[in-house]
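# Notes for the structure review
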Amino acid sequence: MSRLTAQLLNLRQTLLPVRLLIGLLLLGLAACSAPESDTSGSELQRLQSIAERVTIMRDDYGVAHIYAETDADTAFGFLYAQAEDDFPRIERNYIWAIGRLAEVEGESALYSDLRARLYMSEAEAREAYEAAPAWLQALSDAFADGLNYYLATHPEVTPTLLSRFESWMPFYFFEGSIGGDIEQIPTRGIEAFYSGVNPAAVAALSPTSSAPTPLAQSIHDEPVGSNGFALAGSRTASGNAMLLINPHTSFFFRGEYHVVSGEGLNAYGAATWGQFFIYQGFNETTGWMHTSTGADFMDEFVHDVVEQNGDYFYRYGDDLRPIEVSDITLNFVDDDGVMQQRSFQRYMTHQGPVTHMQGDNWVVTRINWNAVDALRQSYLRMKTANYDEFSDMMDIRTNSSNNTVFADAEGNIAYFHGNFMPRRDPRFDYSQPVDGSDPATDWQGVHDVGETVMMVNPVNGWLQNTNGTPFTMAGDNSPQASDFPAYMAPEAENFRGLNAVRVLQDASDVTLESLIDLAYDPYINGFEQLVPGLIRAWEELEPDWPDLEQAIDALQSWDYRVSTDSVGMTLAHFYGMNAAREIDNPEDMSQMQQINWLGTGSDPVDRLSVFSATLLQLNEAFGTWNTPWGEINRYQRITGDIDHPYSDNAPSLPVGMASSRWGALASFGARAYPGTNRIYGSSGNSFIAVVEFGERVRAKSLLAGGQSSDPTSPHFDDQAQRYADREFKDVAYYREDVEARAVRTYHPGQ
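Residues numbered from 1 in each chain as written. Predicted model: local features only at pLDDT ≥ 70, side-chain atom pairs only at ≥ 80, totals over all residues. Heavy atoms only, no water.

### A closer look at the overall build of the protein chain
Of the regular secondary structure elements, the protein chain holds 23 helices and 30 strands. Taken over the C-alpha trace, the protein chain has a radius of gyration of 27 Å; the compact-globule value for 750 residues is 27 Å, and the two agree within 12%. Dimensions along the principal axes, computed over C-alpha positions, put the protein chain at roughly 75 × 70 × 55 Å. Relative to its 750 residues, the protein chain shows a buried fraction of 59%. (Helix = DSSP H or I, 4+ residues; strand = E, 2+ residues; numbered from the N terminus. Rg over C-alpha atoms; globule rule 2.2 N^0.38 Å. Buried < 20%, exposed > 50% of the residue type's maximum accessible area, 1.4 Å probe, protein only.)

### What to know about a negative patch on the surface
On the surface, Glu-539, Glu-540, Glu-542, Glu-549 and Asp-553 cluster together into a negatively charged patch. Elements supplying a minimum of two residues to the negative patch: helix H16 (530-541) and helix H17 (549-556). If you trace the backbone, Glu-540 turns up in helix H16. (Patch = residues over 30% accessible without salt bridge, like charges linked within 9 Å, V, L, I, M, F, W, Y side chains within 5 Å. Areas by Shrake-Rupley, 256 points an atom, 1.4 Å probe, with all protein chains shown as cover. Salt bridge = Lys/Arg side-chain N within 4 Å of Asp/Glu carboxyl O. Lys, Arg positive; Asp, Glu negative; His and termini not counted. Charge placed at Lys NZ, Arg CZ, Asp CG, Glu CD.)

### Observations regarding the packing of helix H4 (residues 71-97) against helix H8 (residues 134-153)
Put simply, H4 and H8 touch, their axes get as near as 7 Å, and they point 60 degrees apart. The angle between the axes of H4 and H8 places the two elements in the oblique class. Here H4 runs over H8; the crossing is right-handed. Judged by residue contacts, Asp-71, Ala-72, Ala-75, Phe-76, Leu-79, Tyr-80, Ala-83, Glu-84, Phe-87, Ile-90 and Tyr-94 of H4 engage Ala-138, Leu-139, Ala-142, Phe-143, Asp-145, Gly-146, Leu-147, Tyr-149, Tyr-150, Leu-151 and Thr-153 from H8. Each residue belonging to the contact of H4 with H8 can be placed in one class, and the counts come to 17 nonpolar, two polar and three charged. (Axes fitted to C-alpha atoms, helices over the stretch in contact; angles between N-to-C directions. Parallel < 35°, antiparallel > 145°, perpendicular 65-115°, else oblique. Left-handed = near helix turned anticlockwise from the far one by under 90°. Contact = heavy atoms within 4.5 Å. Nonpolar A, V, L, I, M, F, W, Y, C, P; charged D, E, K, R; others polar.)

### Structural notes on helix H15 (residues 512-519)
The set of residues buried in H15 consists of Leu-512, Leu-515, Ile-516, Leu-518 and Ala-519. Mapping the buried residues of H15 onto a view down its axis gives an arc of 160 degrees, with all of them on the same face. Taken together, the buried residues of H15 touch strand S4 (225-231), strand S5 (241-250), helix H14 (495-505), strand S27 (687-693) and strand S28 (698-703). (Arc of directions from axis to C-beta.)

### Some points on the packing of aromatic side chains
As enumerated under the stated definition, the model contains 52 aromatic pairs in all. Between the aromatic rings of Phe-251 and Phe-668, the centroid separation amounts to 5.9 Å while the plane-to-plane angle is 40 degrees, which identifies the pairing as tilted. Here Phe-251, found in the loop between S5 and strand S6 (254-261), pairs with Phe-668, found in strand S25 (residues 668-671); they are 417 residues apart in sequence, far enough to count as distant. For the pair Phe-251 and Phe-668, one class covers both residues: buried. Ring geometry for Tyr-268 and Phe-282: centres 5.5 Å apart, planes at 25 degrees, overall stacked. Highlighted residues: Tyr-268 in strand S7 (residues 266-272) and Phe-282 in strand S8 (residues 280-282), separated in sequence by 14 residues. (Phe/Tyr/Trp six-rings, centres within 6.5 Å; stacked < 30°, edge-to-face > 60°.)

### A look at the environment of Asn-402
By secondary structure assignment, the location of Asn-402 is in strand S18 (residues 402-408). Its relative accessible area of 1% is what places Asn-402 among the buried residues. If sequence neighbours within four positions are ignored, Asn-402 has contacts with Glu-175, Ser-177, Tyr-279, His-290, Thr-291, Ser-292, Thr-293, Gly-418 and Asn-419. Engagement of the side chain of Asn-402 in a polar contact is seen with the side chain of Tyr-279, the distance being 2.7 Å. (Polar contact = N/O pair within 3.5 Å; in protein donor to acceptor, adjacent residues only side chain to side chain.)

### Topic: the environment of Leu-653
Note on placement: Leu-653 falls in strand S24 (residues 653-654). Taking the C-alpha atoms as reference points, Leu-653 and Arg-315, separated by 338 residues in sequence, lie 60 Å from one another. Not counting chain neighbours up to four residues away, the residues in contact with Leu-653 comprise Asn-633, Arg-634, Tyr-635, Ala-720 and Gln-721.

### A closer look at the sheet that holds strand S12 (residues 311-316)
An order of S11-S12-S13 is seen for the three strands of this open sheet, with the pairing classed as antiparallel. A single partner strand is all that each edge strand has here, and the edge strands are strand S11 (305-308) and strand S13 (319-322). Direction aside, the axes of adjacent strands within the sheet are offset by 40 degrees on average. When S12 meets S13, the two strands line up antiparallel, connected through four bridges. Within S13, the position partnered with Tyr-316 by the bridge is Asp-319. (Pairing = 2+ DSSP bridges.)

### Comments concerning the confidence of the model for the protein chain
Confidence in the prediction for the protein chain averages 92 pLDDT; 92% of positions are at 70 or higher. Note on residues 1-38: pLDDT is under 50 here. Beyond four places in sequence and across chains, it has 83 contacts. (pLDDT = per-residue confidence, 0-100.)

### Side note on the pattern of salt bridges
All chains considered together, the criterion is met by 36 salt bridges. Between Arg-678 and Glu-631 there is a salt bridge, and its shortest N-O distance comes to 3.6 Å. Placement of the pair is Arg-678 in the loop between S25 and strand S26 (679-685) and Glu-631 in helix H21 (residues 629-632), with a sequence separation of 47 residues. Beyond isolated ion pairs, a larger network of salt bridges with shared partners links Glu-43, Arg-46 and Asp-145.

### As for the sheet that holds strand S21 (residues 454-456)
One open sheet holds the 10 strands; their spatial order is S21-S19-S18-S9-S8-S7-S6-S3-S2-S30, and the pairing between them is mixed. Of all the strands in the sheet, the pair left with one neighbour each is S21 and strand S30 (744-746). When strand polarity is set aside, the average angle formed by the axes of neighbouring strands in this sheet is 15 degrees. Alignment of S7 against S8, held across three bridges, turns out to be antiparallel. Within S8, the position partnered with Gly-269 by the bridge is Gly-281. Against the sheet, helix H13 (residues 387-394) contacts strand S9 (286-292), S18, strand S19 (413-416) and S21, and its axis sits at roughly 165 degrees relative to S18.

### Quick notes on H8
Over its 20 residues, H8 runs 28 Å from end to end, which matches the ideal 28 Å to within 8%, given 1.5 Å per residue. Burial within H8 is extensive, with 14 of its 20 residues counted as buried. (Expected span 1.5 Å × (residues − 1).)

### Brief notes about the packing of H16 against helix H19 (residues 591-600)
For the pair H16 and H19, interaxial distance at closest approach is 7 Å and the crossing angle is 15 degrees. Between H16 and H19, the angle is such that the two are roughly parallel. Remark: the crossing between H16 and H19 carries left-handed chirality. Along the contact surface, H16 presents Leu-530, Gly-533 and Arg-536, while H19 presents Ile-595, Leu-598, Gly-599 and Thr-600. A class-by-class count of the residues in the contact of H16 with H19 yields three nonpolar, three polar and one charged.

### With respect to the side chain of His-303
Counting through the fold element by element, His-303 comes out in strand S10 (residues 299-303). Only 2.6 Å separates the side chain of His-303 from the side chain of Gln-351, close enough to count as a polar contact. Residue contacts for His-303: discarding those within four places in its chain leaves Tyr-314, Arg-315, Thr-349, Gln-351, Asn-361, Trp-362, Val-364, Gly-436 and Ser-437.

### What about unusual backbone geometry?
Positive phi values are uncommon outside glycine, yet Phe-252 reaches one of about 70 degrees. You can see Phe-252 is positioned in the loop between S5 and S6. A residue is classified by how much of its surface remains accessible, and Phe-252, at 12% relative accessible area, is buried. The phi torsion at Asn-457 lies on the positive side, around 50 degrees, for a residue other than glycine. Along the chain, the position of Asn-457 falls in the loop between S21 and strand S22 (462-465).

Written out as structure tokens, the structure is:
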């Protein structure tokens, strides 16, 4: 171990006990650094005057339609309405984003907080706000004002930590995807580097190699992603373009909103709690759907660091460049409820912060961190009128973690694979850490949008993405991988991608209703190799496994379609999960290839042994293996808690959907929880919409559960049965339709 590494491992840390005083909390110690608003004087009067300029209409499903003359006033009402629906999730998002989670969850979250502060300090967030254009500052001010006015007018609401919101906070949380760039950086490597623990612990904590995760582990991770379809008029009954918006997220991760201003804003869709833009949605003439990308837009640079007279330097070409060192102090609550502090030193190169080690070398993880432009792009997306304006917005090039599926009223459809794409030297393999001392490995600007993997108006009349390779986006008319650098699209195909191509290639005369049918096609292609492989094994070894005959017969008669009354789905799901966990399989494959290999390359005896154990498991849990899927696969919402509890003794609904790991287009990610035999969905189809663009936009939508997190609200679970039955509601978009369905019309604070 080098002397420098030894010095790093013995970095001095301060640990300062501080009593968590209720009086200090009330004064705002647990809030942000700015003082409390004077809600009894001029500040409250100022907020009330804004509120009087905002009108909120709640429709018959609790969807808030917010109207104001200016974009900023609409944003004020937007955040106020979100807080009415789910303030705890707004607060949780910002506690995480600004790096204060350990003050709530304890020391285990300390390195999540450090990760946030490595990339942006509060001072840097304030500088980003000051550097933003005036209109973006006004929106950020409205964000803070709307939330602070909600708290001022709802004294019964007790924040967990943040009793005041500030205008700089959105610059930490600017693009809305479920993971975002920063969450892809493992905290274990940050802990290993910055904790000062012993070398053996460092080795255990450091990130592992980039080899594929074994199927026995990855099978339990519900795929995070989404489906997006765009259809040109040649495929639709009306001749108008259509869009499927189908994010697969944790349930209740976003709410459904409609924001309208006199400055040209009229957007409808899903908003991530606490943000002032519609993340996935549409306006009157354009629609956008984001799917999580697998494009390689972040890199690790390995640096040779030297120490001279107590200062650190890193080699870059023939130069030694100084490492910028700054202090970070974080609070965390210990097991006794006492607030503690821990201080760290942040090490920065021109490529970003040091995040972990590789051997004795320091490693910098470089990501897209351009808070002002990213927030600007997220907002301007809502106000584009056609493909040309949308393309201009995409040219900001800061939406790094998303692909985009697009349609507009002029009949255009388009697909963009990623958006922020660093230009690199193709001689190097950027799927692995590269030598940061070699300037040739560094980013050479950002690719133009037209240089990335994208397509506009393919001759086949449809485009799709399901988080897999973009080289099947338009079936046989897709771009060719050989035309692009490998780092632009390293993703493998997945079962959903194959299913999407299957349903779209024969689609014709599509209506909104039949687009829903396509999106919910029940065929589960992930079992096309797995189940026949099991059946072949039984046919070969039948005399040794006579007790399996009836269950094998049930699988032989199954049509690979999921439904609540399907026993075949029950058998296939539990067998597939157990086989992935119990049968060793090659690791140099994609997950789709590994699942198929279980049916084609594994030992037949292993298949039958796992299936026999699966039947015993089902018999013990449900009394018989012959149990329909809907008796096992359930939707349940019994509290508004972010960490939702589940119980077999509480009411629940049968759901005829399945996990996207098996290729289900309509995804329902479910698993058992402590004390349950049934499996309960917690992710997958969340906000779903189908949109048709013509002379007037028309849409249908559905939300998992309901709009409100309050169990006493009529909109807590009023869409649950609709969700289980896939019964979409008509979207009220035009003012006359909203007024006709409005149940309550009010100003914030009333």
